[in-house]
Protein chains: 2
Amino acid sequence: MRISEASLKSGLSADTIRYYEKSGLMPAIDRGADGLRRFSPENVEWLTLLYWLRKTGMPMKEMCHFAELYQQGERTIRERKAVLIRHSERLKTRRQELEKCAEILDYKLSAYKVIEGKNT
Amino acid sequence: MRISEASLKSGLSADTIRYYEKSGLMPAIDRGADGLRRFSPENVEWLTLLYWLRKTGMPMKEMCHFAELYQQGERTIRERKAVLIRHSERLKTRRQELEKCAEILDYKLSAYKVIEGKNT
DNA sequence: GCTTGACTTGGAGTTGCTCCAGAAGAGTAG
DNA sequence: CTACTCTTCTGGAGCAACTCCAAGTCAAGC
């Protein structure tokens, strides 16, 4: 499939996909006779994973490292596992931050209610 | 208090605080006779709120708008409430994204386990 | 009186995109 | 065949939100 379809399926914009390729986050995408990129389903699965990792705060540097491991095949599975486990810990931290912020918002909103009560 | 203490208490770096002031996210901070910024506890509370809003993904533009409302006093409470409610909806969305990503990671990790099982 | 340390400003650098101009190729309409 | 539209390509500029740095000021301590 071509880039627009890959974009639609992965969630990444075409620009971002090209940018990721340039940055070494992809195992060089095949080109058709016309010179346009052709994405395999495996390519798209990879892009989708990148989409989620990035969206939840993994820095590009770490994704680059992860991409290198991926390119080196199955013998790097152990290390890749470690990267993902570290990331899922990051998710836990993020969730706690959201929780904390939600608390603060609730507090602020209730304080507003008190002020409004005074003024009416 | 001075900027280093305000930084410590709010969670924002001194650089970021100065940047926020320049960007209009703060009601102009007082200066002492020495020309250095002096932060009131109210200033710090405001910075702390900004810290959490930013950390959980509110764009600067929206924070600027919120800051303007704040500067206009109590008559903007209703609108400020709306901003915070919108943000708490954003938090909900973010939480779902984290959840979704956690699922993907679990799936990937279990897939790795299968591969490792085959190789040993 | 001299050094140390926190602070000041303005500006350059960084990350991770996002948008744009200009060109090339395929497909459709007249 | 010509004209037009669509998608894609590349290289490069622009942007958000910091982050870091150089050069200078000023008060406090030895």
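The structure we're discussing is the one just above.
Reference entry: report on the structure contained in this document.

Conventions adopted
- Residues numbered from 1 in each chain as written.
- Chains lettered and ligands numbered in written order.
- Predicted model: local features only at pLDDT ≥ 70, side-chain atom pairs only at ≥ 80, totals over all residues.
- Heavy atoms only, no water.
- Core = buried A, V, L, I, M, F, W, Y, C linked by side-chain atoms within 4.5 Å.
- Buried < 20%, exposed > 50% of the residue type's maximum accessible area, 1.4 Å probe, protein only.
- Contact = heavy atoms within 4.5 Å.
- Near = heavy atom within 4 Å.
- Polar contact = N/O pair within 3.5 Å; in protein donor to acceptor, adjacent residues only side chain to side chain.
- Helix = DSSP H or I, 4+ residues; strand = E, 2+ residues; numbered from the N terminus.
- Nonpolar A, V, L, I, M, F, W, Y, C, P; charged D, E, K, R; others polar.

1. Regarding the nonpolar core
In a soluble, globular protein the nonpolar side chains are often hidden away together inside.
At step 1: Of all hydrophobic cores here, the largest spans 69 residues; its most connected members are A:F39, A:L53, A:F66, B:F39, B:W46, B:L53 and B:F66.
At step 2: With residues near it in sequence (within four places) discarded, B:F39 still touches B:M1, B:R2, B:I3, B:A6, B:I17, B:I29, B:V44 and B:L47.

2. Looking at the protein's contact with DNA strand C
At step 1: Taken together, 14 residues surround DNA strand C, and among them A:Y20, A:R54, A:M60, B:R18 and B:R37 come closest.
At step 2: Among all atoms of DNA strand C positioned within 4 Å of the protein, those belonging to sugar or phosphate total 74%.
At step 3: At 3.4 Å from a base nitrogen of DNA strand C is found a side-chain nitrogen or oxygen belonging to A:D15.
At step 4: Residue A:R54 places a side-chain N or O atom 2.8 Å away from a phosphate oxygen belonging to DNA strand C.
At step 5: Among the secondary structure elements, those contributing two or more residues to the surface near DNA strand C are α2 (14-22) of chain A together with α1 (3-10) of chain B.
At step 6: For the surface near DNA strand C, a count of residues per class yields six nonpolar, two polar and six charged.

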